[in-house]
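Coordinates in review
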Amino acid sequence: MLTRMQYDILQTCGMNIAVLLAEMQGEKELFASTNTLLRVEANLLAIAQTLAHLPEPLRRRLLQIDWHGWACLQSLLERDAQPRRAEVWYGTQSLVPATLALIAALRRQEPTWFEIGY
């Protein structure tokens, strides 16, 4: 059940980021909009923290995820370290889509891992 809840958190946060960025014309517009940036960063942090707590067997099956990139982004966001523009943009454009695609593929391969009663 925990894995399904984590999966749902990842999907929801990924969708939130996609919606927030949908109308944006690019990186410059995101970083000019303080409110949108704060919401994007909050969702990125939730994804990073959720990934950090995935069960070890699941993490071992997701070797292609940029674990180092997520850990660095998590650290920057938790410490509110600046500058972090490049890292946040990398998170939205690379980390999120790649991670969600890899987890979705694993869910198709191992659906029982993501069931509510597992």
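Look up a bit, the structure's there.
A short tour of the structure in this document, coming up. This is a predicted model, so every value here is computed, not measured. (Residues numbered from 1 in each chain as written. Predicted model: local features only at pLDDT ≥ 70, side-chain atom pairs only at ≥ 80, totals over all residues. Heavy atoms only, no water.)

1. Considering the overall build of the protein
The secondary structure content of the protein amounts to six helices and zero strands. In the protein, the succession of helices and strands from N to C terminus is α-α-α-α-α-α. Each of the three principal axes of the protein carries a C-alpha extent, and together these read 45 × 25 × 20 Å. Within the protein, the fraction of its 118 residues that count as buried is 41%. Long-range pairs, those at least 24 residues apart, make up 70% of the contacts in the protein with a sequence separation of at least 6. Counting every atom, the protein has about 6,800 Å² of accessible surface; 56% of that belongs to carbon and sulfur. The positive charge centre, built from 11 side chains, and the negative charge centre, built from 12, are 3 Å apart in the protein. (Helix = DSSP H or I, 4+ residues; strand = E, 2+ residues; numbered from the N terminus. Buried < 20%, exposed > 50% of the residue type's maximum accessible area, 1.4 Å probe, protein only. Contact = heavy atoms within 4.5 Å. Areas by Shrake-Rupley, 256 points an atom, 1.4 Å probe, with all protein chains shown as cover. Lys, Arg positive; Asp, Glu negative; His and termini not counted. Charge placed at Lys NZ, Arg CZ, Asp CG, Glu CD.)

2. Remarks on the packing of helix α3 (residues 34-52) against helix α5 (residues 67-79)
Viewed as axis vectors pointing N to C, α3 and α5 meet at an angle of 125°, and their least axial separation amounts to 9 Å. Taken as axis vectors, α3 and α5 run oblique relative to one another. Handedness of the α3/α5 crossing: left-handed. The segment α3 lies against α5, with E41, L44, L45, I47, A48, Q49, L51 and A52 engaging W67, W70, L73, Q74, L77 and E78. (Axes fitted to C-alpha atoms, helices over the stretch in contact; angles between N-to-C directions. Parallel < 35°, antiparallel > 145°, perpendicular 65-115°, else oblique. Left-handed = near helix turned anticlockwise from the far one by under 90°.)

3. Some points on the environment of L44
As for its placement among the helices and strands, L44 is situated in helix α3. The exposure class assigned to L44 is buried, which follows from its relative accessible area of 0%. L44 sits 42 residues away from A86 along the chain, and the two C-alpha atoms are 13 Å apart. Beyond its immediate stretch of four places on either side in the chain, L44 contacts I17, W70, L73, L77, V88, G91, T92 and V96.

4. Concerning the side chain of T50
The topology assignment puts T50 in helix α3. Look at T50 and you get buried, because its relative accessible area is 11%. The residues touching T50, leaving out its near neighbours within four places in the chain, are Q6, I9 and L10.

5. Focus: the nonpolar core
The tendency in soluble globular proteins is for nonpolar side chains to be buried as a group. In terms of nonpolar packing, the biggest core is built from 32 residues, with L44, I47, L51, L62, W70 and I103 touching the most fellow members. Secondary-structure elements contributing two or more residues to this core are α1 (2-22), α2 (27-32), α3, α5 and α6 (85-109). Top element by residues in this core is α3. It accounts for seven residues. (Core = buried A, V, L, I, M, F, W, Y, C linked by side-chain atoms within 4.5 Å.)

6. Observations concerning the side chain of T99
Mapped onto the elements of the fold, T99 is located in helix α6. A polar contact is formed between the side chain of T99 and the side chain of W70, at a distance of 2.8 Å. Once you skip the residues sitting within four places of it in the chain, T99 turns out to touch L51, I65 and W70. (Polar contact = N/O pair within 3.5 Å; in protein donor to acceptor, adjacent residues only side chain to side chain.)

7. A look at the environment of L95
Turning to its location among the elements, L95 is positioned in helix α6. Taking the C-alpha atoms as reference points, L95 and A48, separated by 47 residues in sequence, lie 9.8 Å from one another. Apart from residues lying up to four places away in sequence, L95 is in contact with D66, G69, W70, L73 and Y90.

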